[in-house]
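Architecture and fold: a report
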Amino acid sequence: MSEIWRYLETNADDVLTALVQHIWLALIPVAIAFVLALPLGALVHRYVPARHIALTAGSVIYTVPSLALLLLLPGILGTSVLDPVNVVIALTLYSLALLVRTTADGLDAVDTTVLQAATAMGYRPVRRWFTVQLPLAMPVILTGLRVATVANVSMVSIAALIGIGGLGQLFTRGFQLGFYLPPIIIGLVLSVTLAVIADVLIVAVQRGLTPWARAGAR
């Protein structure tokens, strides 16, 4: 423990910079994918051909190793290998592949009788979607968001292998120094802590957005 504290005192700025980089590299792709997944998930839910295309595309994306995708994107986008944009786009694709599926599943799970009742009460399709269908689907959607967020926090570390910032830099530094444990342990603890905090925050948001679920549980 003394070595870990000594390493933190000496390299506090570097650790803080790596943590900040890790947060935005992990969370920005999830936010982008979440916004895109809502209309795409609704399309997949509504049209069967779109479902087959989206699910097949998602499965294909997940078969591509993350490191290979990070090395492939610069050639496609014309960016530098060290450009963080590559990480953002790669993780957005992975998150989108998951969130489109869970959004469609959430919308599928909404009871049709509830939608029929809303229509009978005079709800137009757009209003019904935002005030009835989407809120009822939100628990399933946010479950997918939790998985995507935790996965992204983990996958960002891989970007350090090609020289992009994040907590993965602490892992590579420890290995370069002959398996020097302090930076490895610090990176591991911060990664796990960040994933837990993000998961707890999403659960809190879910509880706030779905008070009827708590009432039903009681």
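Scoring rules and cut-offs
- Residues numbered from 1 in each chain as written.
- Predicted model: local features only at pLDDT ≥ 70, side-chain atom pairs only at ≥ 80, totals over all residues.
- Heavy atoms only, no water.
- Helix = DSSP H or I, 4+ residues; strand = E, 2+ residues; numbered from the N terminus.
- Buried < 20%, exposed > 50% of the residue type's maximum accessible area, 1.4 Å probe, protein only.
- Contact = heavy atoms within 4.5 Å.
- Areas by Shrake-Rupley, 256 points an atom, 1.4 Å probe, with all protein chains shown as cover.
- Lys, Arg positive; Asp, Glu negative; His and termini not counted.
- Charge placed at Lys NZ, Arg CZ, Asp CG, Glu CD.
- Core = buried A, V, L, I, M, F, W, Y, C linked by side-chain atoms within 4.5 Å.
- Salt bridge = Lys/Arg side-chain N within 4 Å of Asp/Glu carboxyl O.
- Axes fitted to C-alpha atoms, helices over the stretch in contact; angles between N-to-C directions.
- Parallel < 35°, antiparallel > 145°, perpendicular 65-115°, else oblique.
- Left-handed = near helix turned anticlockwise from the far one by under 90°.
- Nonpolar A, V, L, I, M, F, W, Y, C, P; charged D, E, K, R; others polar.
- pLDDT = per-residue confidence, 0-100.
- Expected span 1.5 Å × (residues − 1).
- Phe/Tyr/Trp six-rings, centres within 6.5 Å; stacked < 30°, edge-to-face > 60°.

Summing up its helical and strand segments, the protein has 9 helices and 0 strands in all. Listing the helices and strands of the protein from first to last along the sequence gives α-α-α-α-α-α-α-α-α. Expressed as lengths along the three principal axes of its C-alpha atoms, the size of the protein is roughly 70 × 45 × 20 Å. Counting all 218 residues of the protein, 40% fall into the buried class. For the protein, contacts bridging at least 24 residues in sequence account for 74% of all contacts bridging at least 6. Per element, the accessible surface of the protein, about 11800 Å² overall, is 71% carbon and sulfur. In the protein, 12 side chains carry a positive charge and 9 a negative one; their mean positions are 18 Å apart.

With that settled, the discussion passes to the environment of Asp 83. Structurally, Asp 83 can be placed in the loop between α3 (66-77) and α4 (84-108). Using a relative accessible area of 24% as the deciding quantity, one classes Asp 83 as partly exposed. As a C-alpha pair, Asp 83 and Val 189 span 106 residues in sequence and 26 Å in three-dimensional space.

Among the nonpolar cores identified, the biggest contains 25 residues, and Leu 99, Trp 129, Leu 134, Ile 141 and Leu 145 are the most heavily contacted of them. Contributing elements (two or more residues each) for this core: α1 (2-46), α4, α5 (112-120) and α6 (125-155). If one sorts the elements of this core by residue count, α6 sits on top with 9 residues. With near-sequence residues (within four places) excluded, Trp 129 lies in contact with Leu 38, Ala 42, Leu 107, Leu 134 and Pro 135. The next biggest cluster of nonpolar side chains, apart from the first, holds 18 residues, and it includes Leu 73, Tyr 94, Ile 162 and Ala 195.

It is worth spelling out the pattern of salt bridges at this point. Summed over the entire model, instances satisfying the criterion amount to 2 salt bridges. Ionic pairing is found between Asp 108 and Arg 51, a salt bridge with its closest N-O pair at 2.6 Å. Linking Asp 108 in helix α4 with Arg 51 in helix α2 (residues 48-63), this pair joins segments that are 57 residues apart in sequence. Look at Arg 51 and you get buried, because its relative accessible area is 18%.

Running from N to C, α1 and helix α8 (residues 181-209) cross one another at 45°; their axes reach a closest spacing of 10 Å. Overall, the two elements α1 and α8 adopt an arrangement that is oblique. Pair α1 / α8 crosses with right-handed handedness. For the pair formed by α1 and α8, the contact residues are Glu 3, Ile 4, Tyr 7, Leu 8, Val 15, His 22 and Ile 23 on the first element and Pro 182, Pro 183, Ile 185, Ile 186, Leu 190, Ser 191 and Leu 194 on the second. Among the residues making up the contact of α1 with α8, the classes are represented as 11 nonpolar, 2 polar and 1 charged.

All right, on to the confidence of the model for the protein then. The share of residues in the protein with pLDDT of 70 or more is 97%, and the mean pLDDT across the chain is 87. Within the protein, the element-level pLDDT minimum falls on helix α9 (residues 211-217), averaging 60, and the maximum on α4, averaging 92.

To continue, consider α2. In this model, α2 (16 residues) spans 23 Å end to end at C-alpha, consistent with the 22 Å of a helix rising 1.5 Å per residue. The inward-facing, buried residues of α2 abut α1 and α4.

Turning our attention to the packing of aromatic side chains. Overall, the coordinates contain 4 aromatic pairs when judged by the stated rule. Here Tyr 62 and Tyr 94 contribute two aromatic rings whose centre-to-centre distance is 5.7 Å and whose plane-to-plane angle is 50°, an arrangement assigned as tilted. Here Tyr 94 lies in helix α4 and Tyr 62 lies in helix α2, a separation of 32 residues in the sequence. The class of Tyr 94 is buried, set by a relative accessible area of 2%.

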